Amino acid sequence: MTGHHRCAKKALRYNSQSLRREEMDILVCLKQVPDTEADIRPTSDMTAIDYTGVKFIVNVYDEYAVEEALRVREKVGGKVTIVSLGPDRAVEAIRTALAMGADEAVHLNDPALLDGDAYTTARALAKAIEGMSYDLIFCGKQAIDDDLAQVGSILGELLGLQTVTGIMKFELVDDGKKARVHRQVEGGMDVLEVPLPAIFTATKGLNEPRYPSLPGIMKAKKKPLKTVSLGDLGLSEEEVGAKGALTKVVRYSLPPMRQAGTIIEGETPEEKASKLAKALREEVKVI
Amino acid sequence: MEATRELFWNIGRQGLLTYLIMGIAVLILAYSLYERVSLWRRGQAEDRWDRVGERIKGVVVNIIGHWRVLREAYPGFMHLLIFWGFLLLLIGAALDAFDHYSGLHFLKGTAYLTFSFFLDLAGLAVIVGLLLALWRRYVTRPRALDNRPEDLFVLLLLLALVVTGFLVEGARIAVQAPRAPWERWSFFGWALGTSLFPQGQGSLLWHKVFWWIHLSLSFLFVAVIVQSKLLHILTAILSTFFRNLKPQAIKPIEDMEEAETFGVNRVEELSWVDLMQLDACTRCGRCQENCPAYLTDKPLNPKMVIQGIREVFQEQSKGLLQRMRSWGVEEQQPSTEEGKALAGELIEEDAIWSCTTCGACIEQCPVFVEPFPKLIEIRRYLALMESRFPSEVQVAFRNMENNSNPWGIGMHTRADWAKELGIKTLAEDREVEYLFYVGCAGSFDDLNKKVAEAVAKLLEAAGVSFGILGVEEGCCGDSARRLGNEYLFQIIAQQNIETMKGYGVRKIVTMCPHCYNTLKNEYPQFGGDFEVYHYTELFSSLVAQGRLRPSKPLDIEVTYHDSCYLGRYNGLYEEPRGILRALLGVKLVEMPRSRSRSFCCGGGGGRFWMEEHLGTRINHARFEDVQRAGARMVVTSCPFCLTMMSDAIKEKGMEEKHEARDLAQVLREAVGV
Amino acid sequence: MKDGAVKKVAYEILGAAKKMAEQKGEPLCAVMIGKDVEGLAPGLGAYGAEKVYVIQGDSFARYTTGAFTKALCDLVKQEQPSILLFGASINGKDLSARASGRLGVGLATDCTEIGLDEAGNLKVKRPMFAGKVYAEVVFSDRKPQMASVRPNVLGLPEADESRKAEVVKVDVQVGPDDIGLEVVDFVEVGGGKIDLTEAEIIVSGGRGMKGAENFKILEELAEVLGGVVGASRAAVDAGWRPQSDQVGQSGKVVSPNLYIACGISGAIQHLAGMGTSKVIVAINKDPEAPIFKKADYGVVDDLFKVVPALTEEVRKLKAQS
């Protein structure tokens, strides 16, 4: 939106108390994760992951969140702020989201915040978000590195907001006071109406994330990116990161060796089919 | 009476008006040209002044020699007649004037007779040519041509001009004949004169009448050159002179960090050369008739791309021309009315993405117009400014960004194909002569890994010292650039160049023509100057030297499919054929559309990564060429071509009758390694 | 005490949890929350549950995070279990995450192994990075230690029909403030079918299918497996299946537990679309087809014979369980 247009909208915002203002402050929680194709290996002592040479990207599900936030802003105006907890390298992922069109970002970057779990992450994010103004929060359903799918829910609990997980469709209704969403469940989708503010975690199918345009990439370099440390959050070391985590990974291992292509032998197709069915049930337990 | 012709005979002093009238015509021409050039100069800068000698040679060969025009026999010959005929007539008129005003008077006697004879011949040639043209355009009506009123106007004008010229001559001869029997040498004029006109003084009036008509038509001719199709007389020379001497390389976007806009969406964002080319196009339709997209019913038509842009250019120019003509100060700021958007509005997006960049349009154009680079510029606009492209393209971009290959397969597996083969990486041993730049297909695609293996085995067998980059190799970036993502391309290219320079790479051999073209012709744009070879170049010379001995007879009948990027782009037609001919038991049949006329497999221009929803399949169309040639095996030397041909065979259920193989595989089998 | 939200995985969890409960010397209990569920409760005894807490009411007719979390957490605060387990279904994951936030305890999602360490604390193993690595996870002292368990992994225990669980009805009040939203509708997706991208089992057909009608045998196999039918680009291009069924780089990227590729050669673009499937089965009469290199199980035979036979076999196996 041009500056001129934005001012007009703001005027509308402060003029009427009774009418719910249209413009929204939207937050998106974002995580930088290794690329889906990356070669993930534990370190030799198996207690950590070796990230050398690994390419990092914006968590796939968080992209849907960013995209949906941008679409809401395109409809009603407002501001999209990225909130991300991560080390220095996470700035790249944040800039990607800014290049897509987000307006500002808050980067929780402090060594004490690292190596925590979903709870400590949610706690740190909640502290940061408490001090911000928001009407709507989007997250990704899960991070593709830890695959935990917890932060959105815990964050909601800590902020006192409803969290609806796994949405595939989102629209604002009731003058922006509520959201009507389709939540993915087995066999179909629940249609829910949720009063705002609330948190929504995005899953695949919600939208097609845009590819950042080159002017977008260039502008992103100049957009405001605030770095927040532990002290700024007002939390102690024991509450966050490795010290505050409620779960901990003590050891990593590689998945059971995939039998590189067993060709099922047999005299007849029926015999092979039988052996295959048995293997699928007993060996790999997929049926 | 001596054989000669008197200047302004029967016209007298009024004849001097010729100079005034033609002078005015020339002034009109000059001013129109000035306007036109000013319009072209609204375009962006582009330097086409290099290698002037070569450029001039091109003009001589193509304009005078009609080299490209003659590629198609009928229209080529027809135009040759018109062009040469007319040129001779002009030279004749000039000689005539010179003869008179210089006081030399050498056009007499035999000299004059010869002169007059050839001029008659020339005039006749023009008439024949024009009739052939009229027949072709209005009777045969080939699909390549679209007919507009101006086409008829120009043909008729020229016809009228030459015919009236003959009528003038005829009338004169009718008067002079009794005392000038040598006029027979002006055979056509004589024929007309003795048959159409009353003999003797009765034709004096006719002569005057036709003379003035002829002069008026000449005036009209010169005056409307810029306004009509006749402009191509001048612009063809210009577009040939300013042709792209390196069409293989797409020009980079300079200063990407600083630029505000990228790509082209408005006419004024094109360069002055592009704009000038719009005026050189004569709508001959050869680009269209050789375009694989057009021929398979895609919405893309390269002729209409040029003509469409030209129309927008004309529209937008109106305002500017008005201001210029009002004798006011030329406008400093650009017009405030927004011109038509080229992407989507003028040219539909499906058409823009249908191009395979095969280069047939550029190759075929007699006046060196370049249709497809404009599409790339528009793709740049769509990709970089608006992120508007087919969704499969986004997947390909992301994959190139994250895993350095458009398939998105884990980049750490790039060297897996070479694992069992004991090939060293440059990291292990950099003291090798060649870097074997494998490319993404050879590294990740099962079908093409076999080709990579074949190339490696052959290099070993020939005792060539080489190494690979292994996981340090990145995608060459060809697809990114062709799809308009210049930003991604430059990042990829610069990274690769840095890696290669780090290892002190000097010579590179590739297996993929796209990699070959990019590394050889485009990497120098970013400081990457290497000696790049395609394996066909290397192997053909190794075979010739006897370092590779294809001793095993193969007993196959093959046809060779020229890859666009190897053939048209880089002229490597004979090297692969040389290899095939050196093999025992290999019978090579050629498809009619081969070498520079080769028909694209459909994979280039980033199209390999896209779905083909519209029209019919390009690869199927090409495979039909293979079938018609009667060869069982189609041999290619490009991973895209190999995949597209294999797919076509499978899709048509022809696996029993045909197969597609890469030349390296065939050679490997013949050498027995 | 343990919990299960979905039927079969609940049995699986009970089976594994029984050993843990015995080890710890604590009772193994189940929690059921729903509208009219108490009838199902005693049956859990067959799999090892001693007690089943039943929380019933209209508020629990459909799953909502708010209602179920309140119910569960109230119960937990009351009964103070040391360990709380869930099935990692869609709602199981949702509920467990919210509950962990409310209770302030550690939660491990989607575990493939559950057990105890020497001190009697919960210790689990779970996949990370889409299954590329497995992690052993331990918990802080805060109770209950929570985990959700991936269905179909632990295996069903033997059922002892003679054992019945004690049913304890628990009264929990849930108000609109607890729920905080409104369920207004339910939309069935794809005629009851799941979207390819989220399907657990996909039976896919390629050029080898030779015609649209022939996909019927794949549909039958998919049905009996509880999966959906996909297609390779060849089949879609030939017009046999719609574009929405296409699996591949320029179609849909899928990652099911089981991917059965029938008459698919395995071109690189197809593999890019299903390469992260947990188990890949290839059925193709061409032994050279590249897909065999990527498949965990390959059958080199006529798919028109193998697929119907496989359907039969699966039908038999499922009837047994």
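Note that the structure is a prediction, hence the values are computed from the model and not measured.

### Quick look at the overall build of chain A
Right, so step 1: Helices and strands together make up the secondary structure of chain A, namely 9 helices and 15 strands.
Right, so step 2: Considering chain A as a whole, with its 287 residues, one finds that 56% of them fall into the buried category.
Right, so step 3: Partitioning the contacts of chain A with sequence separation of at least 6, the portion at a separation of at least 24 is 70%.
Right, so step 4: In the structure as shown, chain A presents an accessible area of about 12400 Å², 50% of it carried by carbon and sulfur atoms.
Right, so step 5: Both charge centroids of chain A, one from 39 positive and one from 43 negative side chains, sit 5 Å from each other.

### Observations concerning the interface of chain A and chain C
Right, so step 1: Facing the 79 residues of chain A at the interface are 78 residues of chain C.
Right, so step 2: For the chain A and chain C pair, buried surface summed over both sides reaches about 6700 Å², with 55% attributable to carbon and sulfur atoms.
Right, so step 3: Applying the counting rule to chain A against chain C returns 6 salt bridges.
Right, so step 4: Of the charged contacts, one joins Glu157 of chain A and Arg98 of chain C as a salt bridge, the two residues approaching to 2.9 Å between their closest N and O atoms.
Right, so step 5: The interface formed by chain A and chain C holds 33 residue pairs in polar contact (both at pLDDT 80 or more) in total.

### Observations concerning the pattern of salt bridges
Right, so step 1: Here the structure, examined in full by the defined rule, presents 80 salt bridges over all chains.
Right, so step 2: Across the salt bridge formed by Arg210 of chain A and Glu67 of chain A, the nearest N and O atoms sit 2.8 Å from each other. Placement of Arg210 of chain A in the loop between strand E12 (199-202) and helix H6 (214-220) and of Glu67 of chain A in helix H2 (residues 60-76) is noted, with a sequence separation of 143 residues between them.
Right, so step 3: Glu67 of chain A gets classed as buried once you look at its relative accessible area, which sits at 2%.
Right, so step 4: Salt bridges sharing partners connect three or more residues here, namely Arg137, Asp146, Arg148, Glu150, Asp151, Lys229, Arg283 and Lys303 of chain B.

### Thoughts on the packing of helix H4 (residues 118-130) of chain A against helix H5 (residues 151-159) of chain A
Two quantities define a packed helix pair, namely the angle between the helix axes and the distance between the axes.
All names here are of chain A.
Right, so step 1: In the contact formed by H4 and H5, the axes pass within 9 Å of each other and the chain directions differ by 50°. Our classification of the angle between H4 and H5 gives oblique. Every pair of crossing elements has a handedness; the one defined by H4 and H5 is right-handed. Contact residues: H4 offers Ala118, Tyr119, Thr121, Ala122, Arg123, Leu125, Ala126, Ile129 and Glu130, while H5 offers Val151, Ile154, Leu155, Leu158 and Leu159.

### Considering the side chain of Thr81 of chain A
Residue and element names in this part refer to chain A.
Right, so step 1: Mapped onto the secondary structure, Thr81 falls in strand E6 (residues 78-85).
Right, so step 2: On the basis of relative accessible area, Thr81 is assigned to the buried category, the value being 5%.
Right, so step 3: If we ignore the near neighbours within four places in the chain, the residues touching Thr81 are Ile26, Leu27, Val28, Glu104, Ala105, Val106 and Met132.

### Quick look at the interface of chain B and chain A
Right, so step 1: Contact residues are listed per partner, giving 21 residues for chain B and 18 residues for chain A.
Right, so step 2: When chain B packs against chain A, close to 1600 Å² is buried across both sides, 53% of that on carbon and sulfur atoms.
Right, so step 3: Together, Arg398, Asn402 and Tyr487 of chain B form the three largest contributors to the area buried by chain B at its contact with chain A, with a combined 29%.
Right, so step 4: The tally of links between chain B and chain A comes to 2 salt bridges.
Right, so step 5: Ionic pairing is found between Lys221 of chain A and Glu257 of chain B, a salt bridge with its closest N-O pair at 3.1 Å.
Right, so step 6: Taken together, chain B and chain A are joined by 11 residue pairs in polar contact (both at pLDDT 80 or more).

### With respect to the sheet that holds strand E1 (residues 29-34) of chain C
Strands belonging to one sheet form pairs held by backbone hydrogen bonds; the direction of such a pair is parallel or antiparallel.
All names here are of chain C.
Right, so step 1: Strand order in the open sheet made by the 3 strands is E1-E2-E9, with parallel pairing throughout. The open sheet has two edge strands, E1 and strand E9 (166-170), and neither has a second partner. On average, each strand axis in the sheet is tilted by 25° relative to the strand beside it, whichever way the strands run.
Right, so step 2: As judged from the 6 bridges shared by E1 and strand E2 (residues 51-56), these two strands associate in the parallel manner. In the sheet register, Cys29 faces E2, and the bridge partner there is Lys51.

### So, the sheet that holds strand E14 (residues 247-253) of chain A
Right, so step 1: The 4 strands are arranged E14(A)-E7(C)-E6(C)-E5(C) in an open sheet whose pairing can be described as antiparallel. In this open sheet, the two strands that pair with only one neighbour each are E14 of chain A together with strand E5 (113-116) of chain C. Ignoring which end each strand starts from, the neighbouring axes of this sheet average 25° apart.
Right, so step 2: In the sheet, E14 of chain A pairs with strand E7 (residues 133-139) of chain C via 6 bridges, with the strands oriented antiparallel. Pairing of Val249 of chain A across the sheet is with Val137 of chain C, part of E7 of chain C.

### Topic: the pairing of strand E7 (residues 633-636) of chain B
All names here are of chain B.
Right, so step 1: The alternating pattern of E7 places Met633 and Val635 and Val634 and Thr636 on opposite faces, both of which are buried.
Right, so step 2: Pairing geometry for E7 and strand E8 (residues 659-662), over 4 bridges, is parallel. Among the inter-strand pairings, Thr636 is bridged to a residue of E8, identified as Asp662.
Right, so step 3: Between E7 and its parallel partner E8, the chain crosses via helix H25 (residues 639-651), and the hand of that crossover is right-handed.

### What about a negative patch on the surface?
Right, so step 1: A cluster of acidic residues, Glu655 and Glu656 of chain B together with Asp286 and Glu288 of chain C, forms a negative patch at the surface.
Right, so step 2: Examined against the element boundaries, Glu288 of chain C turns out to sit in the loop between strand E14 (279-283) and helix H8 (291-294).

### Brief notes about the environment of Lys424 of chain B
All names here are of chain B.
Right, so step 1: Inspection of the secondary structure puts Lys424 in the loop between helix H16 (391-403) and strand E1 (434-437).
Right, so step 2: By relative accessible area, Lys424 is classed as partly exposed at 46%.
Right, so step 3: If near-sequence neighbours (up to four positions away) are discounted, Lys424 is found in contact with Asp429, Gly467 and Ile468.

### Remarks on the packing of helix H1 (residues 17-40) of chain B against helix H9 (residues 272-280) of chain B
Residue and element names in this part refer to chain B.
Right, so step 1: Two elements in contact, H1 and H9, have axes separated by 8 Å at closest approach and are oriented at 135°. In terms of orientation, H1 lies oblique with respect to H9. Here Arg36, Leu39 and Trp40 of H1 come into contact with H9, specifically with Trp272, Leu275, Met276 and Asp279.
Right, so step 2: Split into classes, the residues belonging to the contact of H1 with H9 amount to 5 nonpolar, no polar and 2 charged.

### Looking at the nonpolar core
Right, so step 1: Trp417, Phe436 and Phe539 of chain B are the most contacted members of the largest nonpolar core, which has 154 residues in total.
Right, so step 2: If near-sequence neighbours (up to four positions away) are discounted, Phe539 of chain B is found in contact with Val455, Leu458, Leu459, Leu548, Ile579 and Leu667 of chain B.
Right, so step 3: Core analysis: the second largest hydrophobic core is formed by 70 residues, Val28, Tyr64 and Ala143 of chain A together with Ala71 of chain C among them.

### Let's talk about the confidence of the model for chain C
All names here are of chain C.
Right, so step 1: Per-chain confidence: chain C averages 87 in pLDDT, with 93% of residues scoring 70 or above.
Right, so step 2: Counting interchain partners and residues more than four positions distant, the pLDDT-below-50 stretch residues 1-6 has 28 contacts.
Right, so step 3: Overall fold confidence (pTM) sits at 0.89, and the ipTM for the predicted complex is 0.86.

### Quick notes on the packing of aromatic side chains
Right, so step 1: Under the definition given, this model contains 43 aromatic pairs over all chains.
Right, so step 2: With 6.2 Å between their ring centres and 90° between their planes, Phe83 of chain B and Trp84 of chain B make a pair best called edge-to-face.
Right, so step 3: A relative accessible area of 33% means that Trp84 of chain B is categorised as partly exposed.
Right, so step 4: Clustering of aromatic rings is evident, with ring pairs tying together Phe8, Tyr19, Tyr101, Trp211 and Trp212 of chain B.
Right, so step 5: Stacked on the ring of Tyr51 of chain A, the Lys or Arg Arg89 of chain A has its end atom at 5.6 Å from the ring centre.
Right, so step 6: The side chain of Arg243 of chain B reaches across the aromatic face of Phe368 of chain B, ending 5.4 Å from its centre.

### With respect to unusual backbone geometry
Backbone phi values are negative for most residues with the exception of glycine, while trans is the configuration of most peptide bonds.
Right, so step 1: That bond from Leu196 of chain A to Pro197 of chain A is cis: its omega, 0°, falls within 30 degrees of zero.
Right, so step 2: Positionally, Pro197 of chain A belongs in the loop between strand E11 (188-195) and E12.
Right, so step 3: The omega angle of the peptide bond from Lys143 of chain C to Pro144 of chain C is -5°, so this bond is cis rather than trans.
Right, so step 4: Checked against the element boundaries, Pro144 of chain C lands in the loop between E7 and strand E8 (145-149).
Right, so step 5: Positive phi values are uncommon outside glycine, yet Ala149 of chain A reaches one of about 60°.
Right, so step 6: Mapped onto the elements, Ala149 of chain A comes out in the loop between strand E8 (136-140) and H5.
Right, so step 7: In the Ramachandran plot, Thr357 of chain B falls in the positive-phi region, its phi being about 55° despite a non-glycine side chain.

Calculation rules
Here, residues in each chain are numbered from 1, in the same order as that chain's written sequence. Each chain takes a letter, starting from A, and each ligand takes a number, starting from 1, following the order in which they are written. Where local features are concerned, this predicted model is filtered to residues with pLDDT of at least 70; where side-chain atom pairs are given and counted, the filter is 80 or more; whole-chain, interface and lining totals use all residues. Based on all heavy atoms of the structure, the side-chain values leave hydrogens and waters out of the count. We count a stretch as a helix when DSSP gives it H or I for four or more residues in a row; a strand needs E for two or more, and each element gets its number in order from the N terminus. Residue exposure (1.4 Å probe, protein chains only): buried if accessible area is under 20% of the type maximum, exposed if over 50%, otherwise partly exposed. Note on contacts: a residue pair is in contact if any heavy atoms of the two residues lie within 4.5 Å. Where accessible areas are quoted, they stem from the Shrake-Rupley method and a 1.4 Å probe; at the residue level, only the protein chains shown are allowed to cover. Neither His nor the chain ends is counted toward charge; the positive residues are Lys and Arg and the negative residues Asp and Glu. Note that the charge is assigned to NZ on lysines, CZ on arginines, CG on aspartates and CD on glutamates. A quick way to say it: buried area is the sum, across both parts, of accessible area lost when two parts are put together, with a 1.4 Å probe. In what follows, salt bridge is the name for a side-chain nitrogen of Lys or Arg lying within 4 Å of a carboxyl oxygen of Asp or Glu. Definition of a polar contact: a pair of N or O atoms within 3.5 Å, with one able to donate and the other able to accept a hydrogen when the atoms are protein atoms, and with sequence-neighbouring residues admitted only if both atoms are side-chain atoms. For helices, the fitted line uses only the C-alpha atoms of the stretch in contact; every axis is such a line through C-alpha atoms, and the angle between N-to-C directions lies from 0 to 180 degrees. Convention used here: angles under 35 degrees read as roughly parallel, angles over 145 as roughly antiparallel, angles from 65 to 115 as roughly perpendicular, and any remaining angle as oblique. We call a crossing left-handed when the near helix sits turned anticlockwise from the far one by less than a right angle, and right-handed when that turn is clockwise. We call two strands paired when DSSP finds no fewer than two bridges between them. The crossover handedness rule: strands pointing away from the viewer, path from first strand over the helix to second strand clockwise, crossover right-handed. What makes a patch is a set of residues exposed beyond 30% relative accessible area and free of salt bridges, joined within 9 Å when like-charged and within 5 Å when nonpolar (Val, Leu, Ile, Met, Phe, Trp, Tyr). Amino acids are sorted into nonpolar (Ala, Val, Leu, Ile, Met, Phe, Trp, Tyr, Cys and Pro), charged (Asp, Glu, Lys and Arg) and polar (every other residue, Gly among them). What makes a nonpolar core is a set of buried Ala, Val, Leu, Ile, Met, Phe, Trp, Tyr and Cys residues whose side-chain atoms join them at distances within 4.5 Å. Confidence of the predictor at the level of single residues is given by pLDDT, which spans 0 to 100. Stacked, edge-to-face and tilted labels apply to pairs of Phe, Tyr and Trp rings (six-membered ring for Trp) whose centres lie within 6.5 Å, assigned for plane angles under 30 degrees, over 60, and everything in between, in that order. Note on criteria: charge over ring means Lys NZ or Arg CZ within 6 Å of the ring centre, with the direction from the centre no more than 35 degrees off the ring normal.

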